[in-house]
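What follows is the residue order along each chain.
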Amino acid sequence: MKPSTLRIAGFGFRSEATLESLVQALDQLIEQYGAVYKYGSINRLAAASSMLPLVEELGRLRNIEVIAVADAELSTVTTLTHSTQSLQARGTGSVAEAVALLAAGSNARLVGPRIISTDRQATAALALSEVPEGTTE
């Protein structure tokens, strides 16, 4: 069986972030990592459970399914970015990177470090993982 690629955009953001902050971060992520689109478009968005409502709103806007990950799991993931603020607040170097990796599964890899929205209120990261054909993505 040929595997398909699962493409998860994970988000982290400040409480002041707006839907526009997330839209901008997602668009910037797509622009920066456009080369991954040879595998297809992003097929899931992800957020920590405590941050889910705003990402669900983005999912409805873009018609993309949203996955929640447990906040307690964020500190179990090694990220490319090591933000002091994120480490103090959430126990991980990058919420967006940790969320993307957790949602994409144990064999996931980040395409690159997280990006920061223009207003600096949101971050987004892209993780890829292979899903065996015939299984549900």
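Report on the accompanying structure. Just so it is clear, the structure is predicted and the values come from calculations on it, not from any experiment.

**Describing the overall build of the protein**
Here comes step 1: Within the protein, the regular secondary structure consists of four helices and six strands.
Here comes step 2: In the protein, the order of α-helices and β-strands from amino to carboxyl end is β-α-β-α-β-α-α-β-β-β.
Here comes step 3: Relative to its 137 residues, the protein shows a buried fraction of 47%.
Here comes step 4: Restricting to contacts in the protein with at least 6 residues of sequence separation, those with at least 24 account for 62%.

**Describing the nonpolar core**
Here comes step 1: By size, the foremost hydrophobic cluster in this structure holds 44 residues, and its most contacted members are F11, F13, L22, L26, L29 and L45.
Here comes step 2: Elements supplying a minimum of two residues to this core: β1 (4-13), α1 (19-32), β2 (44-48), α2 (52-62), α4 (95-104) and β6 (122-131).
Here comes step 3: A total of eight residues in this core trace back to one element, the largest contributor, which is α4.
Here comes step 4: Not counting chain neighbours up to four residues away, the residues in contact with L45 comprise A9, F11, L26, V55, L58, G59, I64, E65, V66 and I67.

**Examining the pattern of salt bridges**
Here comes step 1: Enumeration over the complete set of coordinates arrives at three salt bridges.
Here comes step 2: Among the ionic pairs, R62 bridges to D27, the shortest N-O distance being 2.7 Å. Residue R62 is found in helix α2, and its partner D27 is found in helix α1; the two are separated by 35 residues along the sequence.
Here comes step 3: We classify D27 as partly exposed; its relative accessible area is 35%.

**Some remarks on the layout of surface pockets**
Here comes step 1: Of the voids in this model, the largest pocket is the one considered here, and its volume is about 420 Å³.
Here comes step 2: Lining the largest pocket are 19 residues, and of these R14, S83, Q85, S86 and T123 sit closest to its centre.
Here comes step 3: The element contributing the most residues to the lining of the largest pocket is helix α3 (residues 84-90), with four residues.
Here comes step 4: Tallied by class, residues from the lining of the largest pocket come to seven nonpolar, eight polar and four charged.

**Quick notes on the packing of α1 against α2**
Here comes step 1: Two elements in contact, α1 and α2, have axes separated by 10 Å at closest approach and are oriented at 60°. As judged from the angle between their axes, α1 and α2 are oblique. Handedness of the α1/α2 crossing: right-handed. Along the contact surface, α1 presents L19, L22, V23, L26, D27 and I30, while α2 presents L54, V55, E57, L58, L61 and R62.

**Regarding α1**
Here comes step 1: Here α1 contains 14 residues, and its C-alpha end-to-end distance of 20 Å stays within 8% of the 20 Å for a straight helix at 1.5 Å per residue.
Here comes step 2: Regarding α1, the residues found buried are S21, L22, V23, A25, L26 and L29.

Conventions we followed
- Residues numbered from 1 in each chain as written.
- Predicted model: local features only at pLDDT ≥ 70, side-chain atom pairs only at ≥ 80, totals over all residues.
- Heavy atoms only, no water.
- Helix = DSSP H or I, 4+ residues; strand = E, 2+ residues; numbered from the N terminus.
- Buried < 20%, exposed > 50% of the residue type's maximum accessible area, 1.4 Å probe, protein only.
- Contact = heavy atoms within 4.5 Å.
- Core = buried A, V, L, I, M, F, W, Y, C linked by side-chain atoms within 4.5 Å.
- Salt bridge = Lys/Arg side-chain N within 4 Å of Asp/Glu carboxyl O.
- 1 Å grid on protein atoms, 1.4 Å probe; cavity = no way out; pocket = protein on both sides within 12 Å on 5 of 7 lines; lining within 4 Å.
- Points joined across faces, edges and corners; volume = space filled by probe spheres on them.
- Nonpolar A, V, L, I, M, F, W, Y, C, P; charged D, E, K, R; others polar.
- Axes fitted to C-alpha atoms, helices over the stretch in contact; angles between N-to-C directions.
- Parallel < 35°, antiparallel > 145°, perpendicular 65-115°, else oblique.
- Left-handed = near helix turned anticlockwise from the far one by under 90°.
- Expected span 1.5 Å × (residues − 1).

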